[in-house]
Amino acid sequence: KSGSAVVAEIPGQRNSEIIMEAVKVALVTGASRGAGAGMARGLGEKGMTVYVTGRTVTLGDAKGWDGSTLPGTVAETAEAVTGAGGRGIAVLCDHSDDQQVEALFERIMVEQGRLDILVNNATFIHHQLIEKKPFWEKELEACNILDVGLRSAYVASWHAARIMVPQGSGMIAFGSSFGASCYMHGPAYGAQKAGLDKLAHDMAVDLRNTGVRTVSIWMGPLVTERSRIARKVNPEQYVNFIETAENPDFTAHIIHTLATEDKGVELSGRTLIGAEIAGELGITDRGVARPSYRNALGSPNEPNAAIVY
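Residues numbered from 1 in each chain as written. Predicted model: local features only at pLDDT ≥ 70, side-chain atom pairs only at ≥ 80, totals over all residues. Heavy atoms only, no water.

Time to look at the overall build of the protein chain. Each helix and strand in the protein chain was counted, giving 11 helices and seven strands. Across the 309 residues in the protein chain, those meeting the buried criterion constitute 52%. The long-range fraction of contacts in the protein chain, counting pairs at least 24 apart against all pairs at least 6 apart in sequence, stands at 74%. (Helix = DSSP H or I, 4+ residues; strand = E, 2+ residues; numbered from the N terminus. Buried < 20%, exposed > 50% of the residue type's maximum accessible area, 1.4 Å probe, protein only. Contact = heavy atoms within 4.5 Å.)

Here it is as structure tokens:
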């Protein structure tokens, strides 16, 4: 308990154990499954202590595009992080609740005393996201991605910056996509992704000379529980993409490198296509060089260098 906010404990997790070691600490939001779970595992492979947040404690809470039950819980992700060589800590957290988020960051400081990487991944996935309908024929609830997805990333980054700036180091990363440029899944999804890119840029302006870096990564098609179902639901659209899909662990390896090497300073505030920067950094996806979709889906925006207060 922290103030009036409560972060629920996950059964079976030794969350009260306080370890003040030199191991680098990360937080991946929205990591019950999918991209978040994969990125958490990827950071675990780097030996990091990784806090993973989500709302799924028991199977059956999340559904796929076809109505089937999706696998994955925050506790399972934490176990996978530990199995990959790191230390996973599962935290039940609803990122639409600012008090729960505040308590989460307070807990990280109590238990670890630092935070080195924040991966903003939590987002609202509406059940009509990939339906071929105009936005006004989808439920209005689809715009909730601007709350849990965009606003929640701002809130988490605000808390992270208040930890990272005093310690003089850190990386705030945003999981974005080509939907920031091309039409993808409708205007709410696109606005959220474009917003994440702008957060990375503008936060980097405020964070200059603090030692804290930001980056927004455009991931390609990902191998996730939902994408496998999407391949069955819309085969004509997804079959070719899935053939070259990235493992989300790949993005984590990119973020870790940008957080720990000098190149990350140079690229702070930028929106990067994951496959392209991975090639520059010599990072592969389990030995495979992934293709960039720049020619087909668009390029990141080049923001103006002007600063107006």
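From this point, things continue past the structure.
With 21 residues, helix H5 (residues 187-207) extends 30 Å between its outermost C-alpha atoms, agreeing within 8% with the 30 Å of an ideal straight helix rising 1.5 Å per residue. Within H5, 15 of the 21 residues are buried, which leaves it mostly tucked inside the rest of the structure. One or two steps after H5, the chain reaches Asn 209, where phi turns positive at roughly 70°. (Expected span 1.5 Å × (residues − 1).)

Our next topic: the sheet that holds strand S5 (residues 170-177). Strand order in this open sheet of seven strands is S3-S2-S1-S4-S5-S6-S7, and the pairing throughout is parallel. Edge strands, defined here as strands with exactly one partner in the open sheet, are strand S3 (87-92) and strand S7 (271-273). Strand-to-strand twist across the sheet, computed as the mean angle between neighbouring axes with direction ignored, equals 20°. Bridge count for strand S6 (residues 212-219) against S7 is three bridges, and the pairing is parallel. Bridging from a neighbouring strand, Ile 217 pairs with Leu 272 of S7. Each of strand S1 (25-28), strand S2 (49-54), S3 and strand S4 (117-120) is contacted by helix H3 (residues 98-112), which is oriented at about 150° to S3, the strand it contacts most. (Pairing = 2+ DSSP bridges. Axes fitted to C-alpha atoms, helices over the stretch in contact; angles between N-to-C directions.)

Further remarks concern the nonpolar core. In this structure, Leu 43, Val 50 and Ile 117 are the most contacted members of the largest nonpolar core, which totals 33 residues. Among the elements that line this core, the one with the most residues is helix H8 (residues 248-260), at six residues. With residues up to four places along the chain from it excluded, the contact list for Ile 117 reads Val 25, Ala 26, Leu 27, Leu 43, Met 48, Met 164, Met 171, Ile 255, His 256 and Ala 259. Ala 160, Ala 161, Phe 174 and Leu 199 belong to the second-largest nonpolar core, a separate cluster that totals 27 residues. (Core = buried A, V, L, I, M, F, W, Y, C linked by side-chain atoms within 4.5 Å.)

By the definition in use, this model includes 12 salt bridges. Among the salt bridges present, the one from Arg 286 reaches Glu 45, with a minimum N-O distance of 2.8 Å. With a gap of 241 residues between them, Arg 286 in the loop between helix H10 (274-281) and helix H11 (294-297) and Glu 45 in the loop between helix H1 (34-44) and S2 connect regions that are remote in the sequence. Accessibility expressed as a relative area gives 48% for Arg 286, which makes it partly exposed. Among the ionic pairs, Asp 98 bridges to Arg 151, the shortest N-O distance being 2.9 Å. Here Arg 151 lies in helix H4 (residues 147-167) and Asp 98 lies in helix H3, a separation of 53 residues in the sequence. Arg 151 gets classed as partly exposed once you look at its relative accessible area, which sits at 39%. Where salt bridges share partners, they join Arg 41, Glu 45, Asp 249 and Arg 286 into one cluster. (Salt bridge = Lys/Arg side-chain N within 4 Å of Asp/Glu carboxyl O.)

Among the 11 residues that make up H1, 10 are buried, leaving the element largely enclosed by the rest of the structure. All buried positions along H1 are accounted for by Gly 34, Ala 35, Gly 36, Ala 37, Gly 38, Met 39, Ala 40, Gly 42, Leu 43 and Gly 44.

A few words on the side chain of Gln 112. Take Gln 112: it is sitting in helix H3. A polar side-chain atom of Gln 112 sits 3.0 Å from a polar atom in the side chain of Tyr 51. (Polar contact = N/O pair within 3.5 Å; in protein donor to acceptor, adjacent residues only side chain to side chain.)

On to the packing of aromatic side chains. Think of a pair of aromatic rings as described by two things: how far the centres are apart, and how the planes are tilted against each other in angle. Applying the stated criterion across every chain, the model contains three aromatic pairs. Considering the side-chain rings of Phe 178 and Tyr 293, the 6.3 Å spacing of their centres and the 80° angle between planes classify their relative orientation as edge-to-face. Residue Phe 178 is located in the loop between S5 and H5, and its partner Tyr 293 is located in the loop between H10 and H11; the two are separated by 115 residues in the primary sequence. Here the two residues Phe 178 and Tyr 293 agree in accessibility, since each one is buried. Among the aromatic residues, those joined into a cluster by ring pairs are Phe 178, Trp 218 and Tyr 293. (Phe/Tyr/Trp six-rings, centres within 6.5 Å; stacked < 30°, edge-to-face > 60°.)

Averaged over all residues, the pLDDT of the protein chain is 87; the fraction at 70 or higher stands at 82%. Every residue in residues 1-23 scores below 50 in pLDDT, and together they form 49 contacts with partners more than four places removed in sequence or on other chains. (pLDDT = per-residue confidence, 0-100.)

On to the pairing of S2. With six of its six residues buried, S2 lies for the most part within the structure. Because side chains alternate across S2, one face comprises the buried residues Thr 49, Tyr 51 and Thr 53, and the other comprises Val 50, Val 52 and Gly 54, equally buried. Sheet topology note: the S1/S2 ladder contains four bridges and is parallel. The residue of S2 that forms the bridge with Ala 26 is Val 50. In this view, the connection linking S1 to its parallel neighbour S2 by way of H1 has right-handed handedness. (Right-handed = clockwise from strand over helix to strand, strands pointing away.)

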